[in-house]
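# Descriptive analysis of the structure
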Amino acid sequence: MQAFTKHEGLVVPMDRSDIDTDQLVPKQFLKRVERSGFGKFLFFDWRYLNDDYAENPEFELNRPEYRDATILLARRNFGCGSSREHAPWAIADYGFRVILASSYADIFYNNSFKNGYLPVKLSEEQIEDLFEREARFRPYKLTVDLVNRRVTDEHGLDLTFEIDDFRRDCLLNGWDDVGLTLRYEDKILAYEKAHGIV
Amino acid sequence: MNSDSAAHAPKTMYDKIWDSHLVYQAPGDDSVILYIDQLLCHEVTSPQAFEGLRLAGRKPRHPDRVMAVQDHDVPTTDRDKPIADPIARKQVETLRANCKEFGIRLYDLNDVEQGVIHVVAPEQGHVKPGSTLTCGDSHTATHGAFGLIAMGTGTSEVEHVLATQTLRQKKMKTMRITINGQLGDGVTAKDLILYVINKLTTAGGAGYAVEFAGEAIRSLTMEGRMTVCNMAIEMGARVGMIAPDETTFEYLKGRPQMLQGDEFDQAVEEWKKLASDQDAVFDKEIVFDAADIQPRVTWGTNPAQSVNVTDVVPEPESFDNIEERKMAKAALEYMDLKAGTPITEIKLDWVFLGSCTNGRIEDFRAAAKVLKGYKVCDGVRAIAVPGSGIVKRQAESEGLDKIFTDAGFEWREPGCSMCLAMNPDRLQPGERCAGTSNRNFEGRMGKGGRTHLVSPAMAAAAAVMGHFVDVRNWKYN
Ligand code: SF4
C-alpha cells in the first residue's frame, strides 16, 4: 500500500451528504476482476452525460478549476451503502489523497485505510468553515499532515483531527494488514487449539 | 473492580460473542484480532481477494470455513445458455476457478441450492448462533438474526479472513432497539425496519452493533427477523442482531450444514446463554411501540425517506435541518414527485419481488395471498425472483408460482436481479418500481430508475392496482 505522511493539494468541494457507494462506482463496473483502473468510473452517473464518457460540464470534478484536485471536501455520512471496495479503489485511482467529511459510513471508512488515501473526520462546523474558505480563496489548497494530525492552509487555518494510532501507523508506513496479523500467528494457533479448531 | 466481579459483570450478547472470539489484543491497542468462524463469498467482491492471496503466495487458512455463491450478476432467465455479458461471465468463471483451486464449497449457477448469498447461507445451515461471520457485502448483518456477530467488509478484509481466519476490529458501541407490543394486521417486518430507519436516519446506527428486542421482534418468524437485521446497514449499523430462541433453533434444526443430533442439542443449551444479561448496559437504548407502525413506502432516494402509505409525499420545508431539506428537495426532483401527492396516487411501471430482504418463502406466500384471483394492472411489468432455488422449489410445491404467473408476474430463476441491476433485470431511465429490496438509491435499479421500497404484500397489491394502496384494506380471494 502507498504510504501517506503529508499531502498538500487542491480542494474540490462537493456540497452533498450521504454520497453513497452506488454513486462512487455504479454497479456496471463491479464486474471486473482487477483491482486497478477504477478511477475513470468514479462518480460515473454524475460525471458523464452518457455511456461514451461525454463529460457533464456542470459536475464539480469536470470544472476546469478543479481538474487537479486531490482533496475531496464533502459533508456527512460519506460512503454509505454497499461495502464495495471498488469505491475506495476508484477514489485512489482517480488521484484523491484526502477526503474531508464530518462522518463516514463504517465499512467505507475501514476500507479507505487499505488504499493509501486518508479519510479525515472533522466537525460539521469545521466542514462548513472549509466550504466557506474554499469559496473565498479559490483555488484553495490545504495541507494535511498525518504525522501531526493537522489540517492547515495559507490563511491561518490550523485544525487537528483524530485518528486511531493503529490506522495511522499502518498508513504512515504503508503496511500490509495481512502481513501484520500474521506476525501473531502463534496467537491464532493457540486460539484454534483452545477451541478445537483444526 | 476486581477481575472476579468483572467476569460476572452483566454482558450484552455482542460482548459475550466478542469476548469468546478474542484472539489477541496488543497492550495499548484499541483494536483486537478477532477470530472469524465463517466467511461467505460471492463473485463480485472476491476475485481481487483471491488474486491478492495468490500474489502473496498464501492459501486460505480454513477453506472448510468458507462458502461461496454466484448471485450478483447472474441472469434470472435462460440459465441453460452461457451468460451473455462477457464480463459477468468472466466473474462467474473466476469464482468457480478460485473455489476449485482452493477447495471451497461453491453453490454454482445451476445448483438447486444457488441463490442470494444471505438467503442461501442460513438455509443451508452455514450460520451458527454465537459465532462470528463476515462477507464482502454490506447486507451480511442479515445473519445476526440468528444471534451472532455478522458483518460486511471490503475486499481487502475478505482476503484478510481468507489468509488468517481473523479480522482486526475495534469494538463497536452497543445499541438496543426495543419494539414493544404487536404489529397490526398487514404490518410486516419490512414496515417495522423502514419505520426504525426513518426515526434513526441513515447514519443513526453508525458505530453501533444494534440488538433488536421486544415483543414485536420475538413474535417474528426467522424470515421476518432476517428482514429486520438485513436493513440494519441502512441506518449505518454494520451489525444487527437478535437473541436466539426456540424460533431460531427450530429453523436451524436439520439444515444440511448444521450440527446434527446430540451435537445440535448440546449446542442449543449453549446458545440459550447468549441473550444479553438482564441488567446488561447498552451505550444507547431506544424504544418504539409496534402500534405506531403502519405499512411504509419510501418516497426518496435513501431508505430513511419513508412515510405511511396513508400519508402524502412530504414537503422539503417540513424537515428541521437544512441538510435534510436539501436532500429531500434533491430526492423529489430525482423521483419526479410533488410534495403533497398522496402516496396512493403514485403510479408504477414495475414491481420487483425478491432480494435478500424479502426473497424468502414467507415473502412469496404473503405476495401470493394478495395476488390470488387478481391480475397485474395493464402497463405494469412484474417479476418475482425467488431468493434461492430452495425457495423456488418450495413455492412451486405450494402452487405459488401458478398464482404469480396467472396474475401476470414473470417467475424467474434465483439471484440478486433488479435489487442492484447488475444482470439484465433493470429499469430504464424514468421508470418507477415498487421493490421489496433494501435500497432506493439513485440508479440502484438502473440508471435514472426510481425505486420505492415496500413489503411484499404492499408490492403485490400495487402490482394489481398500478399504484400504491393500503394493503390493510385488501379484499383477499
Ligand atoms: S439481493 Fe441486493 S442487497 Fe441482497 S446481496 Fe443481492 S444485491 Fe446485495
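Our subject is the structure that appears above.
All of the points below concern the structure found in this document.

Conventions adopted
- Residues numbered from 1 in each chain as written.
- Chains lettered and ligands numbered in written order.
- Predicted model: local features only at pLDDT ≥ 70, side-chain atom pairs only at ≥ 80, totals over all residues.
- Heavy atoms only, no water.
- Helix = DSSP H or I, 4+ residues; strand = E, 2+ residues; numbered from the N terminus.
- Rg over C-alpha atoms; globule rule 2.2 N^0.38 Å.
- Buried < 20%, exposed > 50% of the residue type's maximum accessible area, 1.4 Å probe, protein only.
- Contact = heavy atoms within 4.5 Å.
- Areas by Shrake-Rupley, 256 points an atom, 1.4 Å probe, with all protein chains shown as cover.
- Lys, Arg positive; Asp, Glu negative; His and termini not counted.
- Charge placed at Lys NZ, Arg CZ, Asp CG, Glu CD.
- Core = buried A, V, L, I, M, F, W, Y, C linked by side-chain atoms within 4.5 Å.
- Axes fitted to C-alpha atoms, helices over the stretch in contact; angles between N-to-C directions.
- Left-handed = near helix turned anticlockwise from the far one by under 90°.
- Nonpolar A, V, L, I, M, F, W, Y, C, P; charged D, E, K, R; others polar.
- Pairing = 2+ DSSP bridges.
- Near = heavy atom within 4 Å.
- 1 Å grid on protein atoms, 1.4 Å probe; cavity = no way out; pocket = protein on both sides within 12 Å on 5 of 7 lines; lining within 4 Å.
- Sits in = over half its atoms within 2 Å of the grid points.
- Phe/Tyr/Trp six-rings, centres within 6.5 Å; stacked < 30°, edge-to-face > 60°.
- Lys NZ or Arg CZ within 6 Å of the ring centre and 35° of its normal.
- Points joined across faces, edges and corners; volume = space filled by probe spheres on them.
- Buried area = accessible area lost by both parts, 1.4 Å probe.
- Salt bridge = Lys/Arg side-chain N within 4 Å of Asp/Glu carboxyl O.
- Polar contact = N/O pair within 3.5 Å; in protein donor to acceptor, adjacent residues only side chain to side chain.

The helix and strand inventory of chain B stands at 17 helices and 19 strands. Computed over C-alpha atoms, the radius of gyration of chain B comes to 22 Å, within 12% of the 23 Å expected from 2.2 N^0.38 for 477 residues, which places it in the range of a compact globule. By principal-axis analysis of the C-alpha atoms, chain B measures approximately 65 × 55 × 45 Å. Classification of the 477 residues of chain B by burial places 64% in the buried group. Of the contacts made within chain B by residues no fewer than 6 positions apart, 75% connect residues no fewer than 24 positions apart. As displayed, chain B has an accessible area near 16,800 Å², and 49% of this comes from carbon and sulfur atoms. For chain B, the centre of its 54 positive side-chain charges and the centre of its 66 negative side-chain charges are spaced 3 Å apart.

Further remarks concern the nonpolar core. Formed by 114 residues in total, the largest nonpolar core has its most connected members in Phe 43, Phe 78, Leu 100, Phe 108 and Leu 118 of chain A together with Phe 404 and Phe 409 of chain B. A per-element tally of this core places helix α17 (residues 456-465) of chain B first, with eight residues. Not counting residues within four places of it along the chain, the set of residues in contact with Phe 78 of chain A comprises Ile 19, Leu 24, Leu 72, Ile 91, Ile 99, Ala 101, Ser 103, Tyr 104, Ala 105 and Phe 108 of chain A. Counting 90 residues, the second-largest nonpolar core is a separate cluster that includes Leu 34, Ala 189, Val 228 and Ile 242 of chain B.

What follows deals with the packing of helix α14 (residues 361-371) of chain B against α17 of chain B. Residue and element names in this part refer to chain B. Two elements in contact, α14 and α17, have axes separated by 8 Å at closest approach and are oriented at 30 degrees. For α14 against α17, the interelement crossing comes out right-handed. Here Asp 363, Ala 366, Ala 367, Val 370 and Leu 371 of α14 come into contact with α17, specifically with Pro 456, Ala 457, Ala 460, Ala 461 and Val 464. For the contact of α14 with α17, a count of residues per class yields nine nonpolar, no polar and one charged.

Here we come to the sheet that holds strand β17 (residues 410-411) of chain B. All names here are of chain B. Pairing within the open sheet is parallel, and its five strands lie in the order β17-β16-β15-β18-β19. Bordering the open sheet on either side are β17 and β19 (450-453), each of which pairs with just one other strand. Of the strand pairs in this sheet, strand β16 (residues 381-384) and β17 are connected by two bridges, and their pairing is parallel. What sits directly across from Ala 384, in β17, is Trp 411.

Moving on: the site of the ligand. Residues and elements named next belong to chain B. Taken together, His 72, Val 116, His 118, Asp 137, His 139, Ser 355, Cys 356, Cys 416, Cys 419, Leu 420, Asn 438 and Arg 444 make up the full set of residues near the ligand. Here the ligand occupies the largest cavity. Residues that form the shell around the ligand fall into these classes: five nonpolar, five polar and two charged.

What follows deals with the side chain of Glu 157 of chain B. Here Glu 157 of chain B lies in helix α6 (residues 155-164). The class for Glu 157 of chain B is buried, based on a relative accessible area of 3%. Discounting residues that sit within four places of it in the chain, Glu 157 of chain B has contacts with Glu 85, Asn 110 and Lys 114 of chain A together with Leu 167, Arg 168, Gln 169 and Arg 238 of chain B.

The next subject is the packing of aromatic side chains. Summed over all chains, the structure comprises 31 aromatic pairs over all chains. Ring centres 6.0 Å apart and planes at 80 degrees place the aromatic pair Phe 364 of chain B and Phe 404 of chain B in the edge-to-face group. Of this pair, Phe 364 of chain B sits in helix α14 while Phe 404 of chain B sits in helix α16 (residues 400-407); the two residues are 40 residues apart in sequence, bridging distant segments of the chain. A relative accessible area of 1% means that Phe 364 of chain B is categorised as buried. When its relative accessible area of 0% is taken as the criterion, Phe 404 of chain B is described as buried. Aromatic side chains Phe 404 of chain B and Phe 409 of chain B sit 5.5 Å apart centroid to centroid with 70 degrees between the ring planes, which places their arrangement in the edge-to-face category. The class of Phe 409 of chain B is buried, set by a relative accessible area of 3%. Here the aromatic residues Phe 29, Phe 38, Phe 41, Phe 44, Tyr 48, Tyr 53 and Trp 89 of chain A are joined through ring pairs into a cluster of three or more. Here the guanidinium or amino end of Arg 105 of chain B rests over the ring plane of Tyr 107 of chain B, the centre of that ring lying 4.1 Å away.

Our next topic: empty space enclosed by the protein. A full pass over the atoms with the stated rule returns three cavities of 30 Å³ or more. Quantified by volume, the largest cavity comes out at close to 230 Å³. Each residue belonging to the lining of the largest cavity can be placed in one class, and the counts come to eight nonpolar, twelve polar and four charged. Reported here for the second largest cavity is a volume of approximately 70 Å³. Residue lining of the second largest cavity: Gly 79, Cys 80, Gly 81, Ser 82, Ala 105, Asp 106 and Ile 107 of chain A together with Thr 202, Ile 233 and Gly 236 of chain B, and that is the complete set.

The next subject is the interface of chain A and chain B. With 51 residues of chain A at the contact, the number on the chain B side is 69 residues. Summing both sides of the interface, chain A and chain B together bury roughly 4,800 Å²; the carbon and sulfur share of this comes to 53%. Between the two partners, chain A and chain B, sit twelve salt bridges. We note a salt bridge from Lys 90 of chain B to Glu 34 of chain A, for which the minimum N-O separation is 3.9 Å. Our count for the chain A to chain B interface comes out at 33 residue pairs in polar contact (both at pLDDT 80 or more). When residues of the side of chain A that touches chain B are traced back to their parent elements, those giving at least two are α1 (21-24), α2 (44-47), α3 (86-94), α4 (106-112), α7 (177-182) and α8 (185-194) of chain A. Per-class residue counts for the side of chain A that touches chain B are 17 nonpolar, twelve polar and 22 charged.

What follows covers the pattern of salt bridges. Residue and element names in this part refer to chain B. Overall, the coordinates contain 54 salt bridges over all chains when judged by the stated rule. The partner of Lys 392 in a salt bridge is Glu 396, with the nearest N and O atoms 3.4 Å apart. Within this pair, Lys 392 and its partner Glu 396 are both found in helix α15 (residues 389-397), separated by four residues, close to a single helical turn. Since its relative accessible area comes to 14%, Lys 392 is described here as buried. With a shortest N-O distance of 2.6 Å, Arg 412 and Glu 410 are connected by a salt bridge. Exposure remark for Arg 412: the relative accessible area of 8% places this residue in the buried category.

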